[in-house]
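# Overview (structure and organization)
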2 protein chains.
Amino acid sequence: MTEQVAIGIAGVGKIARDQHLPAIAGHAGFRLIAGASRNARIDGVNNYPNVEAMLEAEPQLQAVSLCAPPQVRFSQARAALEAGKHVMLEKPPGASVTEVQVLAALARQNQCTLFASWHSRHAPGVETARAWLADKTITAVNVLWKEDVRRWHPGQDWIWQPGGLGVFDPGINALSIVTRILPRAFFLKSAELFVPANRDNPIAANLDFSDASGTPIRAEFDWRFGPQELWQIEVTTGSGVLHLAQGGKFLKIDDKVHDIGAEREYPGLYERFFELISTGTSDVDISPLQHVADAMLLGKRREVEKFED
Amino acid sequence: MTEQVAIGIAGVGKIARDQHLPAIAGHAGFRLIAGASRNARIDGVNNYPNVEAMLEAEPQLQAVSLCAPPQVRFSQARAALEAGKHVMLEKPPGASVTEVQVLAALARQNQCTLFASWHSRHAPGVETARAWLADKTITAVNVLWKEDVRRWHPGQDWIWQPGGLGVFDPGINALSIVTRILPRAFFLKSAELFVPANRDNPIAANLDFSDASGTPIRAEFDWRFGPQELWQIEVTTGSGVLHLAQGGKFLKIDDKVHDIGAEREYPGLYERFFELISTGTSDVDISPLQHVADAMLLGKRREVEKFED
């Protein structure tokens, strides 16, 4: 493919402005031609109140990037796929695991690319960590993902509503890295979910996973943490300890700090999306969302104090 | 295969005595040689306190059927698969979706049969319903699965504990039928979960699913119902209404009652297990549990009155 891919964005909120618009502008393979949002507008392109109107008015669109909250993602993605467009989904790819499976089937039927993106997998330390761990004997994994919800999601009600995931909204980023860097599949054994008395979703969670050999994999997610925040994954192996911190932007193995380059998660996502479109393939790995669904299935809920935004 | 398969049972509770023991006794291809249970014994065979002891003492075992509650199923299944035994899992196949995926991989590695069984799929009306629906245009599905928990689970604490599924323990039977008879995949759009103030799992649930075309698929599960109980699935199509009742034992299409023969769910399960062993294959369809995990992920929880057993 030598031509630019004409792309539209649906859901023009914080993540679209902070990350998607600059990443698209920085990729020579994409040309942004339209936006769809109930309330917001993107300067310099045509704007529509919803995805359906955008698809109707812009037949030259080839791809759509969906940045709205997960609760509305399915109907937008279905409309785009049925119109023959390639689709990139922000994380999490949907409000349920099965809806993403149905989307993947729709993409196949319509011969479109579907990319269920996990931006944290494009953090600079992730692939180096994966390569180093590939042949190691892993004896323990500890994940701490602790941040201040008021800083990252000011006034965002959707995170507290069913399908909004609560603390799993950041926690799923950790899970997207762990599922990428560990060489073996793992599963949830037990979990504690701490749910504010006035909310539907957890504000904190402790998760105990294991792989088939019984390796302990522990994750603690907490949204009541700050101002110093923690996004770190520590993997103990027979050949040393791997320490991935700052959400994947810092990598230390034993005491050696690795030079892994600068953060460019969203540019990396659009490179991947372009590659998938160019090769006529899809990339839909649901495993991070699957682990969250398991946590909600199997977790012990404990009521904690009300959370007021 | 002409020889009998030497089989052991783990978890000698109500379901093992009511269903598994008679079904094994009635199948010429199986020979029961051992049981594993903390407290109970099976007359006429060797008994052990746990699966590991049974595997250790009975090397001639070829297959193990796991009937204990789902919370302990993984470790039992892993032990059996690693010892090279074929494994049949009672429903639900595990306490989480990912643990069943890990078991399926273990079965492949060890070249063993793994059968994640769904007994309700062997109800006599299911295959006839599936065949009739295969080419129909479906416009609506309504599921009512309403029974009295005190009748079916007297004093069984595990159903209320994390991983025990609550009303999804019977509801997953309905989902195992619906996923079998409907020709298209469907997914959860929204759910309400009614959870007793003193329990972890729902005692009732209303689920709204859809397929990719927007066909409404509604399920209502309730454990506070009786003495007349309901286990019925109604599928409205462009060519008439299919009515599967009594958990799949009664089938009516429009006003014509179909003669579908007598109930023999567990004999059907063991026939299927024998066939899988004979052909060196596995059957692990996680979709019913996946829908339950989605319901716990996406459902709106509502507190209802305490449930005391």
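Looking up chain A in an unreviewed UniProt entry gives the name Galactose 1-dehydrogenase, with the organism given as Caballeronia sordidicola.

### Describing the overall build of chain A
Counting secondary structure elements, chain A contains nine helices and 15 strands. Against the globule reference of 19 Å for 309 residues, chain A gives a C-alpha radius of gyration of 19 Å, in line with a compact fold. Taken along its principal axes, the extent of the C-alpha atoms in chain A is 55 × 45 × 35 Å. The buried share among the 309 residues of chain A stands at 59%. If you take every contact in chain A between residues at least 6 apart in sequence, the share linking residues at least 24 apart comes to 71%. Looking at chain A, you have 31 positive and 37 negative side-chain charges, and the mean spots of the two groups are 1 Å apart.

### A closer look at the side chain of A:Glu58
Within the element layout of this structure, A:Glu58 appears in the loop between helix H2 (51-57) and strand E4 (63-66). With no salt bridge to any partner, buried A:Glu58 finds its closest opposite charge in A:Arg31, at an N-O distance of 8.1 Å.

### Thoughts on the domain arrangement of chain A
Residues and elements named next belong to chain A. Annotation of chain A at the domain level lists domain 1 (5-116) and domain 2 (121-261 + 293-304). Listed by partner, the interface residues are nine residues for domain 1 and 13 residues for domain 2. Carbon and sulfur atoms supply 62% of the area that domain 1 and domain 2 bury against each other, a total of about 730 Å² over both sides. For the pair domain 1 and domain 2, the number of links is one salt bridge. Its salt-bridge partner being lysine 91, residue aspartate 169 comes within 3.5 Å of it at the nearest N-O pair. Our count for the contact surface shared by domain 1 and domain 2 stands at four residue pairs in polar contact (both at pLDDT 80 or more). Of the residues contributing to the side of domain 1 that touches domain 2, the split by class is six nonpolar, one polar and two charged.

### With respect to the state of the cysteines
Residues and elements named next belong to chain A. Applying the stated criterion across every chain yields a total of zero disulfides over all chains. Free of any disulfide, cysteine 67 has its nearest neighbouring cysteine sulfur in cysteine 112, separated by 18 Å. Given the relative accessible area of 8%, cysteine 67 is considered buried.

### Section: the relation of the copies chain A and chain B
Its rotation angle being 180°, the transformation that places chain A on chain B also includes 0.0 Å of axial translation and leaves an RMSD of 0.0 Å. Here the copies are linked by what is in effect a two-fold axis. With an isologous cut-off of 70% or more, the 100% of interface residues of chain A that recur at the interface of chain B puts this contact in the isologous class.

### Observations concerning the sheet that holds strand E7 (residues 138-146) of chain A
Paired through backbone hydrogen bonds, the strands of a sheet run either parallel or antiparallel to each other. Residues and elements named next belong to chain A. Read across the open sheet, the nine strands follow the order E14-E13-E12-E11-E7-E10-E9-E8-E15; overall the sheet is mixed. With partners counted over all chains shown, the strands left at the sheet margins are strand E14 (256-258) and strand E15 (300-304), one partner each. For this sheet, the mean angle separating the axes of adjacent strands, direction not counted, is 15°. In this structure, strand E8 (residues 186-196) lies alongside E15, joined through five bridges in parallel fashion. Of the residues in E15, the one forming a bridge with glutamate 192 is lysine 300. Across the face of the sheet, helix H7 (residues 168-181) comes into contact with E7, E8, strand E9 (204-211), strand E10 (216-222), strand E11 (230-237) and strand E12 (240-245) while running at roughly 155° to E7.

### Some thoughts on empty space enclosed by the protein
All names here are of chain B. In total, this model carries one cavity of 30 Å³ or more according to the counting rule given. Its boundaries defined by the atoms lining it, the largest cavity holds a volume of some 40 Å³. Lining the largest cavity are Val143, Ala174, Leu175, Val178, Phe186, Phe209, Ile217, Ala219 and Phe221. Contributing elements (two or more residues each) for the lining of the largest cavity: helix H7 (168-181) and strand E10 (216-222). Partitioning the lining of the largest cavity into residue classes produces nine nonpolar, no polar and no charged.

### What about the interface of chain A and chain B?
Residue-level contacts link 34 residues of chain A with 34 residues of chain B. Roughly 2,700 Å² of surface becomes buried between chain A and chain B when both sides are summed, with 63% attributable to carbon and sulfur atoms. Across the chain A-chain B interface, the total number found is two salt bridges. The salt bridge involving B:Asp200 is made with A:Lys300; its shortest N-O contact spans 2.9 Å.

### What to know about unusual backbone geometry
Cis rather than trans, the peptide bond between A:Lys91 and A:Pro92 has omega equal to -15°. By the element assignment, A:Pro92 lies in the loop between strand E5 (86-89) and helix H4 (97-109). Omega for the peptide link from B:Gly226 to B:Pro227 comes to 0°, which places this bond in the cis form. Looking at where B:Pro227 falls in the secondary structure, it is placed in the loop between E10 and strand E11 (230-237). One non-glycine residue, A:Gln111, lies in the positive phi region at around 50°. Following the sequence through the fold, A:Gln111 ends up in the loop between H4 and strand E6 (114-116). Overall, A:Gln111 belongs to the exposed group, its relative accessible area being 72%.

### Observations concerning the pattern of salt bridges
Throughout the structure, instances matching the rule amount to 30 salt bridges over all chains. Close ionic contact of A:Asp135 with A:Lys136 constitutes a salt bridge, the shortest N to O distance being 2.9 Å. Accessibility expressed as a relative area gives 62% for A:Asp135, which makes it exposed. With a closest N to O distance of 3.0 Å, B:Arg272 and B:Asp283 form a salt bridge. Here B:Asp283 lies in the loop between helix H8 (265-279) and helix H9 (287-298) and B:Arg272 lies in helix H8, a separation of 11 residues in the sequence. Through salt bridges with shared partners, a single network forms among A:Lys146, A:Asp208, A:Arg218 and A:Glu220.

Each value, and the rule that gives it
Residues numbered from 1 in each chain as written. Chains lettered and ligands numbered in written order. Predicted model: local features only at pLDDT ≥ 70, side-chain atom pairs only at ≥ 80, totals over all residues. Heavy atoms only, no water. Helix = DSSP H or I, 4+ residues; strand = E, 2+ residues; numbered from the N terminus. Rg over C-alpha atoms; globule rule 2.2 N^0.38 Å. Buried < 20%, exposed > 50% of the residue type's maximum accessible area, 1.4 Å probe, protein only. Contact = heavy atoms within 4.5 Å. Lys, Arg positive; Asp, Glu negative; His and termini not counted. Charge placed at Lys NZ, Arg CZ, Asp CG, Glu CD. Salt bridge = Lys/Arg side-chain N within 4 Å of Asp/Glu carboxyl O. Domains from an automatic or database assignment. Buried area = accessible area lost by both parts, 1.4 Å probe. Polar contact = N/O pair within 3.5 Å; in protein donor to acceptor, adjacent residues only side chain to side chain. Nonpolar A, V, L, I, M, F, W, Y, C, P; charged D, E, K, R; others polar. Disulfide = S-S within 2.5 Å. Least-squares fit on C-alpha atoms with pLDDT ≥ 70 in both. Pairing = 2+ DSSP bridges. Axes fitted to C-alpha atoms, helices over the stretch in contact; angles between N-to-C directions. 1 Å grid on protein atoms, 1.4 Å probe; cavity = no way out; pocket = protein on both sides within 12 Å on 5 of 7 lines; lining within 4 Å. Points joined across faces, edges and corners; volume = space filled by probe spheres on them.

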